[in-house]
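Here's the letter readout for the chains.
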Amino acid sequence: MHMTSAPHLLTEDRPEFDRLLDETLRAADERPELATLGERLNAEQLRTMALNAIALLTAAAAAEYDHYVKVREELRGEARSASAGRGEYATGDRDDGAGLSAVVAVLAPVLAGTAMLIFLLVGYSLKMIDPEPAFARTMLTAGWLFGALTVAALLFAVIGLLVTALRNSSTEVAAAETVVVPEELSRAREAWRNALLERGIIPFLRDALADPSAEGYPTPRTPGAGRIPQLGYTRPDFSSPGSPSQGPRPGYASPDFTSPDFGGPEHEPD
């Protein structure tokens, strides 16, 4: 059965109401006022009745709930403002650093590799000339030097990417672990839970168990009804077609038929 949240209860707080109700029903044996659970009404029946009367139960703690929602919205607004400020500052610094690192990581291996190819190509080309020019060996040495620089630049780029990835992941994990519920919000939430339990859920369950007319599942509330919905139904009054309540059955008389040859003494034949 689909049930909508009460007007006093936001959708995000409906699971908290359900959880508190279930915890109360599970621990009913610890409360003397709920000791009769299971004699006439079981936990599932009481839960259904409480969900049908959720507006009544949440209204009992409306003041505490309004305060809890107000504190929560204020803290969320402050957190959004602070996150936006930190995000803009951190994004700007991160963009500058990441841009410079990306340029170095990409250009250094490319430039070093290009220089290596040029010097090696020229050096080996000069070695083919007879007699061999004196600077041919110098060109080859420079080419192998740029080759070593290419390998070092590639290694540096790979290490830089790994370090950046690890730093970002550790920062995200640390931020997630440092999420702490503010004390003011925690107190407001606990005050609402206590008011909902002591002034809403417990009195409702106690009255339902004490009401002798509360048997089985509830029917919709009617205007002017008491705290606990009236349960049960009455059978309609059916009567058979031949019962006395239908009145006397109509009577029928057979018609009087006479022969045309015998119409009485005055009609004797000639």
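To be clear, the structure that these remarks concern was listed above.
Given the structure is predicted, the values throughout are model-derived calculations rather than measurements.

Q: Sorry, what's going on with the overall build of the protein here?
A: Helix and strand counts for the protein come out as six helices and zero strands. In sequence order, the protein lays out its α and β elements as α-α-α-α-α-α. Of all 270 residues assigned to the protein, the portion counted as buried reaches 26%. Taking as baseline every contact in the protein between residues at least 6 positions apart, the subset at least 24 positions apart corresponds to 69%.

Q: Help me understand the packing of helix H2 (residues 43-52) against helix H6 (residues 183-210), please; the structure alone is not making it clear to me.
A: Packed helices, taken two at a time, are described by their axes: the angle between them and the distance between them. Here H2 crosses H6 at 125 degrees, and the two axes come no closer than 11 Å. Relative to H6, H2 is oriented oblique. For the pair H2 and H6, the crossing hand works out as right-handed. For the pair H2 and H6, the contacting residues are Leu-46, Met-49 and Ala-50 in the first and Phe-204, Leu-205, Ala-208 and Leu-209 in the second. In the contact of H2 with H6, the residues fall into seven nonpolar, no polar and no charged.

Q: Hey, could you run me through the packing of aromatic side chains in this one?
A: Aromatic ring pairs: the centre-centre distance and the angle between the two ring planes describe each pair. According to the stated counting rule, one finds four aromatic pairs in the structure shown. Centre to centre, the rings of Tyr-65 and Tyr-68 are 6.4 Å apart; their planes meet at 55 degrees, and the pair counts as tilted. Note that Tyr-65 and Tyr-68 are positioned in helix H4 (residues 62-127) at a spacing of three residues, about one turn of the helix. For the pair formed by Tyr-65 and Tyr-68, the shared burial category is buried. Ring centres 5.0 Å apart and planes at 45 degrees place the aromatic pair Tyr-65 and Trp-192 in the tilted group. With Tyr-65 in helix H4 and Trp-192 in helix H6, this pair connects stretches of sequence that are 127 residues apart. You can call Trp-192 buried: its relative accessible area is 1%. Members of the aromatic cluster, connected to one another through ring pairs, are Tyr-65, Tyr-68 and Trp-192.

Q: Mind showing me how you'd approach the pattern of salt bridges here?
A: Side chains carrying opposite charge are able to pair once their charged atoms draw close together. Applying the stated criterion to the full structure yields 15 salt bridges. In this structure, Arg-31 engages Glu-198 in a salt bridge whose closest nitrogen and oxygen atoms are separated by 3.4 Å. With Arg-31 in the loop between helix H1 (14-26) and H2 and Glu-198 in helix H6, this pair connects stretches of sequence that are 167 residues apart. Glu-198 gets classed as partly exposed once you look at its relative accessible area, which sits at 43%. Between Glu-183 and Arg-187 there is a salt bridge, and its shortest N-O distance comes to 3.1 Å. With Glu-183 and Arg-187 both in helix H6 and four residues apart, the pair spans about one turn of that helix.

Q: Explain the environment of Ala-153 to me, please; I cannot follow it from the model alone.
A: On the secondary structure map, Ala-153 appears in helix H5 (residues 136-177). The class for Ala-153 is buried, based on a relative accessible area of 12%. In this structure the C-alpha to C-alpha distance between Ala-153 and Pro-109, which are 44 residues apart in sequence, comes to 5.2 Å.

Q: Even after reading the chapter, I still don't get unusual backbone geometry, so can you show me in this structure?
A: In terms of backbone geometry, most residues other than glycine have negative phi values and most peptide bonds are trans. Note the cis peptide between Asp-130 and Pro-131, where omega equals 5 degrees. In this structure, Pro-131 sits in the loop between H4 and H5.

Q: I'm lost on H6 in this one. Help?
A: Because each turn of an α-helix spans 3.6 residues, side chains separated by three or four positions end up pointing in the same direction. Relative to the 40 Å expected for 28 residues at 1.5 Å per residue, H6 spans 39 Å between its end C-alpha atoms, a close match to the ideal helical length. Along its length, H6 reaches its greatest deviation from straightness, about 40 degrees, at Leu-197.

Q: Help me understand the environment of Trp-144, please; the structure alone is not making it clear to me.
A: Tracing the backbone shows Trp-144 in helix H5. Classification of Trp-144 as exposed rests on a relative accessible area of 53%. With 28 residues separating them in the primary sequence, Trp-144 and Met-116 have C-alpha atoms 6.4 Å apart. Not counting residues up to four positions away in its chain, the partners in contact with Trp-144 are Leu-120 and Tyr-124.

About the thresholds
Residues numbered from 1 in each chain as written. Predicted model: local features only at pLDDT ≥ 70, side-chain atom pairs only at ≥ 80, totals over all residues. Heavy atoms only, no water. Helix = DSSP H or I, 4+ residues; strand = E, 2+ residues; numbered from the N terminus. Buried < 20%, exposed > 50% of the residue type's maximum accessible area, 1.4 Å probe, protein only. Contact = heavy atoms within 4.5 Å. Axes fitted to C-alpha atoms, helices over the stretch in contact; angles between N-to-C directions. Parallel < 35°, antiparallel > 145°, perpendicular 65-115°, else oblique. Left-handed = near helix turned anticlockwise from the far one by under 90°. Nonpolar A, V, L, I, M, F, W, Y, C, P; charged D, E, K, R; others polar. Phe/Tyr/Trp six-rings, centres within 6.5 Å; stacked < 30°, edge-to-face > 60°. Salt bridge = Lys/Arg side-chain N within 4 Å of Asp/Glu carboxyl O. Expected span 1.5 Å × (residues − 1). Bend = angle between axes of the 7 residues up to and from the residue.

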